[in-house]
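Residue strings, one per chain:
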Amino acid sequence: QVQLVESGGGLAQPGGSLRLSCAASKITFSFYHMVWYRQAPGKQRELVAVRTTGGTTNYADSVKGRFTISRDNAKKIVYLQMNSLKPEDTAVYYCNAASNNGHSSFGQGTQVTVSS
């Protein structure tokens, strides 16, 4: 069973930075598209960033130019570098592994709070 463990969340000031990591196990990592989602209180979960198996990246409009997704297939880790953080980035961030045949797994999430 795929296991995904997020880390790196915490409290940041507006304008600050955080880097989230998601370590995968029990998975042929290179076969999976890796995705970051987030869910703020009272809101639906939304896609933040995608890094496909082919290296293509896509971002939500709200984070373009501020967030960067990357992956290390050898270490089975996907990262989300978050710069110029805003209070509206406050949410629980979830890592997702998705395959072309429909398999999808989520991690337990990591809390990101942006506040002065």
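What comes next concerns the included structure. (Residues numbered from 1 in each chain as written. Predicted model: local features only at pLDDT ≥ 70, side-chain atom pairs only at ≥ 80, totals over all residues. Heavy atoms only, no water.)

Now for the state of the cysteines. The full count for this structure, using the stated rule, is one disulfide. The disulfide partner of cysteine 22 is cysteine 95, and the S-S distance across this bridge is 2.1 Å. Classification of the bridge connecting cysteine 22 and cysteine 95 rests on its S-S torsion, roughly -80 degrees, and on that basis the disulfide is left-handed. On the criterion of sequence distance, the pair formed by cysteine 22 in strand β3 (residues 18-25) and cysteine 95 in strand β9 (residues 91-98) is long-range, its members being 73 residues apart. Comparing cysteine 22 with cysteine 95, the two get one shared label, buried. (Disulfide = S-S within 2.5 Å. Helix = DSSP H or I, 4+ residues; strand = E, 2+ residues; numbered from the N terminus. Buried < 20%, exposed > 50% of the residue type's maximum accessible area, 1.4 Å probe, protein only.)

Right, let's talk about the sheet that holds strand β8 (residues 77-82) for a bit. With antiparallel pairing, the four strands of this open sheet are ordered in space as β1-β3-β8-β7. Looking at strand neighbours, the two that pair on one side only are β1 (3-7) and β7 (67-72), the edges of this open sheet. The sheet shows a mean angle of 15 degrees between the axes of neighbouring strands, direction not considered. Sheet topology places β1 next to β3; five bridges connect them, and they run antiparallel. Considered in β3, the bridge of valine 5 is made with alanine 23. (Pairing = 2+ DSSP bridges. Axes fitted to C-alpha atoms, helices over the stretch in contact; angles between N-to-C directions.)

Within the structure shown, the criterion is met by four salt bridges. Ionic pairing is found between arginine 38 and glutamate 46, a salt bridge with its closest N-O pair at 2.6 Å. The salt bridge partner of aspartate 89 is arginine 66, with a shortest N-O separation of 2.8 Å. Taken together, the positions of aspartate 89 in the loop between β8 and β9 and arginine 66 in the loop between β6 (57-59) and β7 put the pair 23 residues apart, joining distant regions of the chain. Given a relative accessible area of 10%, arginine 66 falls into the buried group. (Salt bridge = Lys/Arg side-chain N within 4 Å of Asp/Glu carboxyl O.)

For the coordinates displayed, the defined rule picks out one aromatic pair. Centroid distance tyrosine 37 to phenylalanine 106: 5.5 Å. Interplanar angle 55 degrees. Geometry classified as tilted. Residue tyrosine 37 is found in strand β4 (residues 33-39), and its partner phenylalanine 106 is found in strand β10 (residues 104-106); the two are separated by 69 residues along the sequence. Take phenylalanine 106: its relative accessible area is 39%, and that puts it in the partly exposed class. A cation over an aromatic ring shows up here: arginine 45 above the ring of tyrosine 94, its NZ or CZ 4.0 Å from the ring centre. Note that arginine 45 overlies the ring of phenylalanine 106, its terminal NZ or CZ placed 4.7 Å from the centroid. (Phe/Tyr/Trp six-rings, centres within 6.5 Å; stacked < 30°, edge-to-face > 60°. Lys NZ or Arg CZ within 6 Å of the ring centre and 35° of its normal.)

You will see that lysine 26, though not glycine, has its phi angle at about 55 degrees, which is positive. On the secondary structure map, lysine 26 appears in the loop between β3 and β4. A positive phi angle, close to 60 degrees, is found at lysine 76, a residue other than glycine. With respect to the helices, strands and loops of the structure, lysine 76 is situated in the loop between β7 and β8.

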